[in-house]
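An overview of the molecular structure
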Amino acid sequence: MQRGSVRVDPPWSLQAWRDAARRGLQANAAPAELDWLHGTDASLLDAPALPEATDDGAAGSVPRAFLELAETCLCHRDPQRMPLLYRMLWRIRHGERALLSNPADADVLRAMAMAQAVRRDSHKMKAFVRFREIPGQADAFIAWFEPDHFIVDRVAPFFARRFAGMRWAILTPYRSAHWDGRTLSFGPGASRQDAPDDDAREDLWRTYYASIFNPARLNTRMMQQEMPARYWRHLPEASLLPSLVRDAAGRVQEMHDRPAQPPSRRIPVRSQLPPAPAGDDHADSLAQLQRQAEGCRQCPLWEPATRTVFGEGPADARVMLVGEQPGDKEDLSGRPFIGPAGQLLDRALQELGIERGQLYMTNAVKHFRYERRGKVRLHQRPDSTHVQACRPWLMGEIARVRPERIVCLGATAASSVFGRGFNLARDRGRWHTLDDGTRGFATVHPSWVLRQSDAGKREAAYQLLVEDLRQLV
Ligand code: SF4
């Protein structure tokens, strides 16, 4: 066949690429005979455009996993992504239906690497976008960000959900996203000067950041890995980092030298409801169970903690994740898995394409156990008495959510769900069946991954977590 061309505009759109691929397939154009043109730029040297596809189903059925992979890959900047995806589609349509099951295939490997780069870039955007107030406009904010790939359309809905109550725009060099409180829209790219540099809230943010910075947890290699220097110029807290890092060792020494103090309660939160045992016939909903747990005094952990941190997620979730106990940030916010370990878990879930919003996430123990050292609250592992005292709440959650699968993160959660004889080192990653038929397994806790002593060990531990969680996919 003579060479032909197809155009994809915008070049990250799955729909536009699918239309173009359909034209190629209908013209029976082999991958080597097809030129892929991006956007609207045209040249006299372009091969003739293929005719529009007719609606005769020439694209045929394509595995859903391929479309998901293609949707992510198309956000990559590599100009070869479109011919690569078409070649894979061509191969699938010519008898290699199981192509994606061969992780050693060069095309699959390359597409997977592109998808991973896009997911990583998306994660960085979620983590490092910082909104600045627009001077003179109440509750209107602008952020500037420089993504590596075409991810604005992909990530903007996340910000629309997270910051639904304010008006904002995210500007990038190639595209901008706008949220007016109700509608998400997109426009052309912008320049750095279009976004405000600083606003009054940033001093507040820096003060807050300095107060929550825990020198005992400082790991500069991990910090550089998680927060590459190129993002620093967008982060108000970046100006603090050199001095916080420089002073960290001295502050840790000072903390160690200081005698331990008994914990003091921070924000008294007392439920108006009398405590009731979980599993009570009257407690027929998660919300009711949660209200009861807010008043729980079954073990001493309630007193120094800020609040009960109950589970979160759809009441009909098919998968439940159980961690150990809330940490400092969870205790202050009342939400599980939002601290550093939760963020690492989010990264693993994203890598696997698992939506956090579809999971019910909770902990074996609902109050934060800690030891106070100066201003810092250091995590302390709960005793088995705390785990046993709190177990009825967890069982109450399981009985109401009725998940098909339960994943325990760490030994504490595993012993609460599978029993005290559970040995994480021996049984990690293996499926178990509970008495009611629910199946589950245990893997390492993300905080254990973060505690590894060097980057190599951390990466290996992280891969362990990802590989175990992959059983859910
Ligand atoms: S940790 Fe559990 S058992 Fe102890 S007070 Fe809190 S909710 Fe009750």
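In this section: the overall build of the protein chain. Each helix and strand counted, the protein chain has 16 helices and 14 strands in total. Across the 473 residues of the protein chain, 33% fall into the buried class. Long-range pairs, those at least 24 residues apart, make up 70% of the contacts in the protein chain with a sequence separation of at least 6.

With that settled, the discussion passes to the site of the ligand. As a structural note, the neighbourhood of the ligand is formed by 15 residues, with Cys296, Cys299, Trp302, His367 and Cys390 the closest of them. Per-element accounting of the shell around the ligand gives the leading share, 4 residues, to helix H12 (residues 384-401).

Before going further, it helps to spend a moment on unusual backbone geometry. With the exception of glycine, the majority of residues adopt a negative phi angle, and the majority of peptide bonds are in the trans configuration. Residue Pro10 follows Asp9 across a cis peptide bond; omega there is 0 degrees. Positive phi values are uncommon outside glycine, yet Asn28 reaches one of about 55 degrees. You can see Asn28 is positioned in the loop between helix H1 (14-26) and strand E2 (34-38). Judged by the 9 C-beta atoms lying within 10 Å of it, Asn28 is exposed.

Another point: the packing of helix H2 (residues 64-73) against helix H3 (residues 81-93). Orientation of H2 relative to H3, taken along the N-to-C sense of each, is 170 degrees, at an axis distance of 10 Å. By the angle between their directions, the pair H2 and H3 is classed as roughly antiparallel. Contacts between H2 and H3 pair Phe66, Ala70 and Cys73 from the former with Arg81, Leu85, Met88 and Ile92 from the latter. Of the residues assigned to the contact of H2 with H3, the class counts are 6 nonpolar, no polar and 1 charged.

Below, the discussion takes up the packing of H2 against helix H4 (residues 106-128). At their nearest, the axes of H2 and H4 sit 8 Å apart, and the two run at 60 degrees to each other. With respect to H4, the axis of H2 lies oblique. Crossing of H2 against H4: the hand is left-handed. On the side of H2, the interface is formed by Leu69, Thr72 and Cys73, while H4 contributes Ala111, Met114, Ala115, Val118 and Arg119.

Let's shift gears to the sheet that holds strand E6 (residues 175-179). Read across the sheet, 5 strands follow the order E3-E4-E5-E6-E7 without closing on themselves; strand pairing throughout is mixed. The sheet terminates laterally at strand E3 (132-133) and strand E7 (184-188), the two strands that pair on one side only.

Further remarks concern H12. The end-to-end C-alpha distance of H12 is 25 Å, a good match for the 26 Å that 18 residues give at a rise of 1.5 Å each. Along H12, the sharpest kink reaches roughly 40 degrees, centred on Cys390 and followed within four residues by the proline Pro392. Every buried residue belonging to H12 is among His386, Val387, Cys390, Trp393, Leu394, Gly396, Glu397, Ile398, Arg400 and Val401, and all of these are buried. Packing partners of the buried residues in H12 comprise helix H9 (286-294), strand E8 (319-323), strand E9 (359-363) and helix H13 (411-418).

Now for the pairing of E2. Taken residue by residue, a regular strand's side chains alternate between the two faces of the sheet. In this sheet, E2 lies alongside strand E1 (residues 4-8) in parallel orientation, the contact comprising 5 bridges. Note that in E2 the partner of Arg7 across the bridge is Leu37. Tracing the backbone out of E1, into H1 and back to the parallel element E2 gives a crossover that is right-handed.

Take the nonpolar core next. By size, the foremost hydrophobic cluster in this structure holds 48 residues, and its most contacted members are Met320, Leu321, Val322, Val407, Cys408, Ala413 and Ala414. When residues of this core are assigned to their parent elements, the largest contribution, 6 residues, is made by H12. Not counting residues within four places of it along the chain, the set of residues in contact with Leu321 comprises Leu359, Met361, Val407 and Leu409. Core analysis: the second largest hydrophobic core is formed by 46 residues, Trp12, Val129, Ala143 and Trp168 among them.

Spatially, the 5 strands line up as an open sheet ordered E9-E8-E12-E14-E13, and their pairing is mixed. Looking at the sheet topology across the chains shown, the edges are occupied by E9 and strand E13 (432-433). Alignment of strand E12 (residues 405-409) against strand E14 (residues 439-443), held across 5 bridges, turns out to be parallel. In the strand pairing of E14, Cys408 is matched with Ala442. Strands in contact with H13 are E8, E12, E13 and E14; relative to E12, the strand with the most contacts, it is inclined by about 140 degrees.

Attention shifts here to the environment of His432. Structurally, His432 can be placed in strand E13. Taking the C-beta count within 10 Å as the criterion, His432 has 17 such neighbours and is therefore assigned partly exposed. Distance from His432 to Ile406, taken between C-alpha atoms, is 9.5 Å for residues 26 residues apart in sequence. In contact with His432, other than residues within four places in its own chain, are Phe418, Gly440 and Phe441.

With 4 bridges connecting them, strand E10 (residues 370-373) and strand E11 (residues 376-379) associate as antiparallel partners. Bridge pairing links Glu371 to Leu378 in E11. Between the antiparallel neighbours E10 and E11 lie 2 residues, among them Gly374 with a positive phi of about 60 degrees.

With 86% of its residues at a pLDDT of 70 or more, the protein chain has an overall mean of 84. Note on residues 264-283: pLDDT under 50 across the span, and 36 contacts to partners over four residues away in sequence or across chains.

Glancing now at the environment of Ala455. On the secondary structure map, Ala455 appears in helix H16 (residues 455-469). Looking at Ala455, the number of C-beta atoms within 10 Å reads 13, which means it is partly exposed. For the pair Ala455 and Asn219, spaced 236 residues apart in sequence, the C-alpha to C-alpha distance is 9.6 Å.

Definitions and limits used
- Residues numbered from 1 in each chain as written.
- Predicted model: local features only at pLDDT ≥ 70, side-chain atom pairs only at ≥ 80, totals over all residues.
- Helix = DSSP H or I, 4+ residues; strand = E, 2+ residues; numbered from the N terminus.
- Buried ≥ 20, exposed ≤ 12 C-beta atoms within 10 Å, placed from the backbone.
- Contact = placed C-beta atoms within 7 Å.
- Near = placed C-beta within 6 Å.
- Axes fitted to C-alpha atoms, helices over the stretch in contact; angles between N-to-C directions.
- Parallel < 35°, antiparallel > 145°, perpendicular 65-115°, else oblique.
- Nonpolar A, V, L, I, M, F, W, Y, C, P; charged D, E, K, R; others polar.
- Left-handed = near helix turned anticlockwise from the far one by under 90°.
- Pairing = 2+ DSSP bridges.
- Expected span 1.5 Å × (residues − 1).
- Bend = angle between axes of the 7 residues up to and from the residue.
- Right-handed = clockwise from strand over helix to strand, strands pointing away.
- Core = buried A, V, L, I, M, F, W, Y, C linked by C-beta atoms within 7 Å.
- pLDDT = per-residue confidence, 0-100.

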